[in-house]
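Next come the chains, spelled out residue by residue.
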Amino acid sequence: IFEMYEDGLHEVENPSEIFLGEREKNISGSVVAASIEGSRAVLFEVQALVTPSNFGNPQRVATGFDYRRLSILLAVLEKRAGLRLSAFNVFLNMAGGLKIDDPAVDLAVCCAIASSYKDKPVQKDFVAIGEVGLGGEIRSVGHIEKRISEANKLGFSNIVVSSNNVKSIKQNAIKIIDMKNIVSVINYIFD
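Chemist: Just to check I follow, could you spell out the packing of helix α2 (residues 67-81) against helix α5 (residues 182-190) for this structure?
Modeler: When two helices pack together, their arrangement is given by the angle between their axes and by how far apart the axes lie. Axis separation between α2 and α5 bottoms out at 10 Å; the angle between their running directions is 80°. Relative to α5, α2 is oriented roughly perpendicular. Of the residues in α5, those in contact with L77, R80 and A81 of α2 are I182, V183 and I186. Of the residues that constitute the contact of α2 with α5, the class distribution is five nonpolar, no polar and one charged.

Chemist: In this structure, what is going on with α2? I would like to understand it.
Modeler: Turn by turn, an α-helix covers 3.6 residues, leaving residues three or four places apart pointing in a common direction. With 15 residues, α2 should reach 21 Å at 1.5 Å per residue; the first-to-last C-alpha distance of 20 Å fits that figure. Inspection of α2 places L70, L73, L74, V76, L77 and E78 among the buried residues, and these make up the whole buried set. In this structure, the buried side of α2 is in contact with β5 (60-63), β6 (88-94), α3 (106-118), β8 (131-132) and α5. Of the residues trailing α2, G82 is marked for its positive phi of about 75°.

Chemist: Can you walk me through the side chain of E45 in this structure?
Modeler: When you line up the elements, E45 lands in strand β4 (residues 40-52). E45 sits in the buried class, given a relative accessible area of 5%.

Here is what the cut-offs are and how they apply
- Residues numbered from 1 in each chain as written.
- Predicted model: local features only at pLDDT ≥ 70, side-chain atom pairs only at ≥ 80, totals over all residues.
- Heavy atoms only, no water.
- Axes fitted to C-alpha atoms, helices over the stretch in contact; angles between N-to-C directions.
- Helix = DSSP H or I, 4+ residues; strand = E, 2+ residues; numbered from the N terminus.
- Parallel < 35°, antiparallel > 145°, perpendicular 65-115°, else oblique.
- Contact = heavy atoms within 4.5 Å.
- Nonpolar A, V, L, I, M, F, W, Y, C, P; charged D, E, K, R; others polar.
- Expected span 1.5 Å × (residues − 1).
- Buried < 20%, exposed > 50% of the residue type's maximum accessible area, 1.4 Å probe, protein only.

If you want it as structure tokens, here you go:
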């Protein structure tokens, strides 16, 4: 990742710090995600805004994230987690202008939507890593060690991953919370 200056392009040593630099803490709808870009892990903010719809068809807007994937995750949240999102507008943004197609971001997207829907912020040291299946299950993802290492390097100590990923994690310095489904994650965050 490069940044343009007057004298040309300069390499960004730690892009995660830049993507999280303007993150507001203690605000609903904001969750940190870990993605793999090329061969390195990058942390960034997933932002969601859920508002009541005054019209018949609620809006679904996604910036930097696949619109169809957002529709699937909203259906999973409605069916499996009991969040009645069908009467609400949902706006989703990958902060920093990132375009993400990594399924490991699904869990952060779901947590950000739930946070905005309930209007309750998640813990400031929280990172969500996992793919969300149609049954609401949290599925394992690749490069879990790289993702956790990057989160640890930036001071995050409360990381939620799939129960299936825990077997391959060798680090014990931070708090790894293993979850099987989206309902247990939402209950963990807000109870």
